[in-house]
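# Survey of secondary and tertiary structure
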Amino acid sequence: MIAVHPIQTGVVQIKSRQTQPRHERREPRVLDVLFDRQWTRELPISAYAIEHPEGLIVVDTGGDTRVTQPGFVPRWHVVAATCDRQSLTAQEEVGPQLRALGHDPRSALKVVLTHMHSDHAGGLAHFEGVDILVSEREAALALGRMGPVNAYFKQHYPRWFAPTTVSFDSGPWETFDASIPLTADGAVRLLPTPGHTRGHTSVAVESGDHLVLLTGDATYSEELLLAGAIDGIAEDARAHRDSTARIRELCARRDVIVVPTHDPHGAQRLAQRQFTTTTTKEQSDVRR
Ligand SMILES: [Zn+2]
């Protein structure tokens, strides 16, 4: 069976309205987040280690200790600078934690970035020399001229960073119109889940008799997924709804453990093999 280990790299607090938006259109939605005075509880910033017979696959690289330094997040980007509080120690970064699990980060087979926001691409420095995969669209948006406006701060990526871009050209898979296998056996597969960012990717892992779905920020929690909620800073609300509908449909079709990056109960569900079903909606104890 292919094992998936969650690695928590510190915590983040975001504005409550980022998890409970009141507007569909992006501008009022983001302004609402900006002026919200309520913060969520501390949420995990997760990365994942997939132990596949071909080698170690790391999904997201978690946070960057430098985030606590003043000026690290440019002040002109008011939303990024004032609506996101991260904290982590050097020992909590993904590199030391992978070593504690017995893996040399530089020997990883591949790193997949669900998207390139700082709490997902923050640990890139630990993976020099490793093949780093990003969807073609995400890489173009993050590294393009408008990247910083959309909270992609390229100055934080290592200088050697030159990702391998992937396009989802392997046709439909389950409830998705497009996908691409990452391993020869197809057990690890990348799925397009745009919405939070336009080039967002999720990772499906066949783990024995069930699927583990690493959804990055396609949704912030299982509860929000089941409620059909979008997120307060999602770049594309319509795409967000489409992506999460496909994820819910997949959960109806198969035994799936959905594990979003910032879900306080994601690691627990993974450890306890708790599948995501529409009936868990009412029982969920994620309350903010
Ligand atoms: Zn994000």
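Everything discussed here concerns the structure shown above.
Parameters and conventions
Residues numbered from 1 in each chain as written. Predicted model: local features only at pLDDT ≥ 70, side-chain atom pairs only at ≥ 80, totals over all residues. Heavy atoms only, no water. Helix = DSSP H or I, 4+ residues; strand = E, 2+ residues; numbered from the N terminus. Rg over C-alpha atoms; globule rule 2.2 N^0.38 Å. Buried < 20%, exposed > 50% of the residue type's maximum accessible area, 1.4 Å probe, protein only. Contact = heavy atoms within 4.5 Å. Areas by Shrake-Rupley, 256 points an atom, 1.4 Å probe, with all protein chains shown as cover. 1 Å grid on protein atoms, 1.4 Å probe; cavity = no way out; pocket = protein on both sides within 12 Å on 5 of 7 lines; lining within 4 Å. Points joined across faces, edges and corners; volume = space filled by probe spheres on them. Nonpolar A, V, L, I, M, F, W, Y, C, P; charged D, E, K, R; others polar. Core = buried A, V, L, I, M, F, W, Y, C linked by side-chain atoms within 4.5 Å. Pairing = 2+ DSSP bridges. Phe/Tyr/Trp six-rings, centres within 6.5 Å; stacked < 30°, edge-to-face > 60°. Lys NZ or Arg CZ within 6 Å of the ring centre and 35° of its normal. Axes fitted to C-alpha atoms, helices over the stretch in contact; angles between N-to-C directions. Donors = N, O, S within 2.8 Å, 3.2 Å for Na, K, Ca; no water. Tetrahedral: all angles 85-135°; square planar, octahedral: opposite > 155°, others 65-115°.

Our next topic: the overall build of the protein chain. Tallying secondary structure elements over the protein chain gives nine helices and 12 strands in all. Over its C-alpha trace the protein chain gives a radius of gyration of 17 Å, about what one expects of a compact globule, namely 19 Å for 288 residues. A principal-axis box enclosing the C-alpha atoms of the protein chain has dimensions of 45 × 45 × 35 Å. When each of the 288 residues of the protein chain is scored for burial, the buried share is 57%. Relative to all contacts within the protein chain whose residues are 6 or more apart in sequence, the contacts with residues 24 or more apart total 67%. A total accessible area of about 12,400 Å² is found for the protein chain, and carbon and sulfur atoms account for 49% of it.

If you walk through the whole model with that rule in mind, you get one cavity of 30 Å³ or more. Within this model, the largest cavity holds a volume of roughly 30 Å³. For the lining of the largest cavity, the per-class residue count stands at four nonpolar, three polar and one charged.

Moving on, we come to the nonpolar core. Residues L98, L113, M116, F127, Y157 and F161 are the most contacted members of the largest nonpolar core, which totals 22 residues. Ranked by size, the runner-up nonpolar core spans 21 residues in total, among them I2, I57, I257 and V259.

What follows covers the sheet that holds strand β11 (residues 210–216). With mixed pairing, five strands are arranged side by side in an open sheet as β8-β9-β10-β11-β12. Edge positions in the sheet fall to β8 (180–181) and β12 (256–260), since each of these pairs with one other strand and no more. Relative to strand β9 (residues 188–192), β8 runs antiparallel, the two sharing two bridges. Of the residues in β9, the one forming a bridge with P181 is R189.

When we look at a pair of aromatic rings, we describe it by the centre distance and by the angle of the planes. This structure, assessed with the given rule, holds two aromatic pairs. Their ring planes at 85° and their centres at 6.4 Å tell us that W76 and F153 sit as a pair that is edge-to-face. Separated by 77 residues along the polypeptide, W76 in the loop between β3 (55–59) and α3 (78–82) and F153 in the loop between α6 (136–143) and β7 (164–166) bring together distant segments of the chain. Sitting above the plane of the W39 ring, K15 keeps its charged end 5.4 Å from the centroid. The ring centre of W39 lies 3.8 Å from the NZ or CZ of R85, which sits over that ring.

Strand order in the open sheet formed by seven strands is β4-β1-β2-β3-β5-β6-β7, with mixed pairing between adjacent strands. The open sheet is flanked by β4 (84–87) and β7, the only strands paired with a single partner. Within the sheet, the average angular offset between the axes of one strand and its neighbour, ignoring direction, is 30°. In this sheet, β7 lies alongside strand β6 (residues 131–135) in parallel orientation, the contact comprising three bridges. From the neighbouring strand, V134 faces β7, where its bridge partner is T165.

With that out of the way, let us pick up the coordination of the zinc ion. Protein ligation of the zinc ion involves H115 (NE2), H117 (ND1), H196 (NE2) and D217 (OD), the donor distances falling in the range 2.2 to 2.4 Å. Bound by four donor atoms, the zinc ion shows angles of 88 to 178° at the metal and therefore irregular coordination geometry. Counting gaps between the donor residues of the zinc ion yields the pattern H-x1-H-x78-H-x20-D. Of this pair, H115 sits in the loop between β5 (110–112) and α5 (118–121) while D217 sits in the loop between β11 and α7 (222–227), placing them 102 residues apart in sequence.

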